Amino acid sequence: MTLLLTLDDGSIQRKLAEAVDLARAAVLEDAGAEQVGAHVGVDREDAVSASHLFEATVTGYRGWRWSVTVALAGEDEPITVSEVVLIPGPDARVAPAWVPWDRRVQAGDLGVGDIFPVEKDDPRLAPAYLESDDPAVEAVAKEIGLGRVHVLSRHGRLDAAARWHSGEFGPRSDMARSAPDVCGSCGFFVPLAGSLSAAFGACTNDISPADGHVVDVEYGCGAHSEIEVEVTSSVPVAELVYDDSLMDFEPAPETPAETPESEPAEATVVDESEAPVAEAPETAEVQPEVEPEAVVTETADEAQVEAESASEH
């Protein structure tokens, strides 16, 4: 066997991989043709053995495979079959991992009326008469006749601290990462007694989601006692504001009525045959429009002077 492991150039694994027909014959003899499907691969076990895998068509075992292990004892030795077993494939439905009955109860499983006994040698508890490094534990242990039988051991305190620190009210929670400050500086934080007081306390804010729970000093929420929010209007306001109630209003002056055009005086009748005829200009200039108010009416005297001037010519 040592010679095979030392001098193997891959020929042994090739021979094992090519033994498909031998492996199929072995599984057909064990299970029957109606329960064996196609060949799906080869898994190397060690230097002198390999397992051929076939689809299993067994009722109730969907996704399972037949595994046929073949081996080669020497270069001149024939390939032999070691075992034929049914194993689950990557898509097979299998039962969950077995858990002892005394460890199957998880946090939150204990209901009303349920009883869960503590193990006799639970490492989280210690007899109350033993001295501890926690002053609060020692104070309880000195109670004569009224003391508790067991108190938290050092292991029990560390276990609880690790669970609380990584739990819902620890510094890694989503609420704590988005909080403006931590519980250690909040007025609603009440520290625990004993050695746990440096890292944990109880929340007493009824608005907080951690009200009545043990929280880490580095936990935080939006209901911190020292939060100050500047309340401003969400509507933008202009810098210059007019107060209509303090403005004085004056009526606008009335527009004067338009002066009616005076009727021209009767002009002297002039004989058109005697009066020279003025030649019309080739191009008439366009006079600008004059506002009605700007028109000056001719008086009777001006009309008479104009008529006399025309008769002289």
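Right above here is the structure, for reference.
Residues numbered from 1 in each chain as written. Predicted model: local features only at pLDDT ≥ 70, side-chain atom pairs only at ≥ 80, totals over all residues. Heavy atoms only, no water.

## Examining the pairing of strand β1 (residues 36–46)
Inference 1: The pairing of β1 with strand β2 (residues 49–56) spans 7 bridges and is classified as antiparallel. The residue of β2 that forms the bridge with H39 is F54.
Inference 2: Counting the residues that bridge the hairpin from β1 to β2 gives 2 residues. (Pairing = 2+ DSSP bridges. Helix = DSSP H or I, 4+ residues; strand = E, 2+ residues; numbered from the N terminus.)

## With respect to the sheet that holds strand β8 (residues 200–203)
Adjacent strands of a sheet form backbone hydrogen bonds with each other and so pair up, either parallel or antiparallel.
Inference 1: What the 3 strands build is an open sheet, ordered β7-β8-β9; its pairing is antiparallel. Two strands in the sheet have a free side with no partner beyond their single neighbour: β7 (189–191) and β9 (214–216). Across the sheet, the mean angle separating the axes of adjacent strands is 45° when strand polarity is ignored.
Inference 2: Relative to β8, β7 is paired through 3 bridges, and the arrangement is antiparallel. Looking at the pairing, P191 lines up with G201 of β8. (Axes fitted to C-alpha atoms, helices over the stretch in contact; angles between N-to-C directions.)

## What to know about a negative patch on the surface
Inference 1: On the surface, D43, E45, D46 and E83 cluster together into a patch of negative charge.
Inference 2: Of all the elements, β1 adds the most residues to the negative patch, at 3 residues.
Inference 3: Mapped onto the elements of the fold, D43 is located in strand β1.
Inference 4: Given a relative accessible area of 38%, D43 falls into the partly exposed group. (Patch = residues over 30% accessible without salt bridge, like charges linked within 9 Å, V, L, I, M, F, W, Y side chains within 5 Å. Areas by Shrake-Rupley, 256 points an atom, 1.4 Å probe, with all protein chains shown as cover. Salt bridge = Lys/Arg side-chain N within 4 Å of Asp/Glu carboxyl O. Lys, Arg positive; Asp, Glu negative; His and termini not counted. Charge placed at Lys NZ, Arg CZ, Asp CG, Glu CD. Buried < 20%, exposed > 50% of the residue type's maximum accessible area, 1.4 Å probe, protein only.)

## Overview of the packing of aromatic side chains
Inference 1: Following the criterion strictly, the structure yields 3 aromatic pairs and no others.
Inference 2: Taken together, a centroid distance of 5.1 Å and an interplanar angle of 90° make the contact between Y61 and W64 edge-to-face.
Inference 3: The partly exposed category is assigned to Y61, whose relative accessible area is 36%.
Inference 4: Note on W64: relative accessible area 18%, which makes it buried. (Phe/Tyr/Trp six-rings, centres within 6.5 Å; stacked < 30°, edge-to-face > 60°.)

## Description of the environment of A210
Inference 1: With respect to the secondary-structure elements, A210 resides in the loop between β8 and β9.
Inference 2: A relative accessible area of 0% means that A210 is categorised as buried.
Inference 3: Ignoring any residue separated from it by four or fewer positions in sequence, one finds A210 in contact with F169, C203, V215 and Y219. (Contact = heavy atoms within 4.5 Å.)

## Notes on the pairing of strand β3 (residues 64–72)
Inference 1: Counting buried positions along β3 gives 8 out of 9 residues, so the element sits mostly inside the fold.
Inference 2: Where β2 meets β3, 7 bridges bridge the pair, whose relative direction is antiparallel. Its bridge partner lying in β3, H52 is registered against V68.
Inference 3: Pairing geometry for β3 and strand β4 (residues 79–88), over 9 bridges, is antiparallel. Bridging from a neighbouring strand, T69 pairs with E83 of β4.
Inference 4: Here β3 hands over to β4 after 6 residues, the two strands then running antiparallel side by side.

## Brief notes about helix α5 (residues 154–165)
Inference 1: With 12 residues, α5 should reach 16 Å at 1.5 Å per residue; the first-to-last C-alpha distance of 16 Å fits that figure.
Inference 2: Among the residues making up α5, those that are buried are G156, R157, A160 and A161. The arc that holds the buried residues of α5, viewed along the axis, is 130°, so those residues lie on one side. Along α5, the residues that are exposed and aim more than 90 degrees away from the buried face are R154 and L158. (Expected span 1.5 Å × (residues − 1). Arc of directions from axis to C-beta.)

## What to know about the environment of S178
Inference 1: For S178, the position within the fold is in the loop between α6 (174–177) and β7.
Inference 2: A residue is classified by how much of its surface remains accessible, and S178, at 57% relative accessible area, is exposed.
Inference 3: Through-space distance from the C-alpha of S178 to that of G222 is 8.2 Å; in sequence the pair is 44 residues apart.
Inference 4: From its side chain, S178 meets the backbone oxygen of D174 in a polar contact 3.1 Å long. (Polar contact = N/O pair within 3.5 Å; in protein donor to acceptor, adjacent residues only side chain to side chain.)

## Looking at the sheet that holds β3
Inference 1: Read across the sheet, 4 strands follow the order β1-β2-β3-β4 without closing on themselves; strand pairing throughout is antiparallel. Lying at the two open borders of the sheet, with one neighbouring strand each, are β1 and β4. Each strand axis lies, on average, 25° off the axis of its neighbour in the sheet, ignoring direction.
Inference 2: Along the sheet, helix α3 (residues 20–31) makes contact with β1, β2, β3 and β4, crossing β1 at roughly 115°.

## A word on a nonpolar patch on the surface
Inference 1: A cluster of nonpolar side chains, V105, L110 and F116, forms an exposed patch at the surface whose accessible area comes to about 290 Å².
Inference 2: Tracing the chain through its elements places L110 in the loop between β4 and β5 (125–127).
Inference 3: For L110, a relative accessible area of 54% corresponds to the exposed category.

## Some remarks on the nonpolar core
Inference 1: If you look at the biggest cluster of nonpolar residues, it comprises 17 residues, and the most contacted ones within it are L16, V27, V36, F54, A56, W66 and V68.
Inference 2: Counting only elements with at least two residues in this core, the list comes to α2 (11–17), α3, β2 and β3.
Inference 3: Here this core gets 5 residues from one element, more than from any other, and that element is β3.
Inference 4: The contact partners of V27, leaving out residues within four places of it in the chain, are G32, V36, F54, W66, V68 and V84.
Inference 5: Grouped together as the second largest cluster of nonpolar side chains are 8 residues, F169, C203, A210 and V215 included. (Core = buried A, V, L, I, M, F, W, Y, C linked by side-chain atoms within 4.5 Å.)

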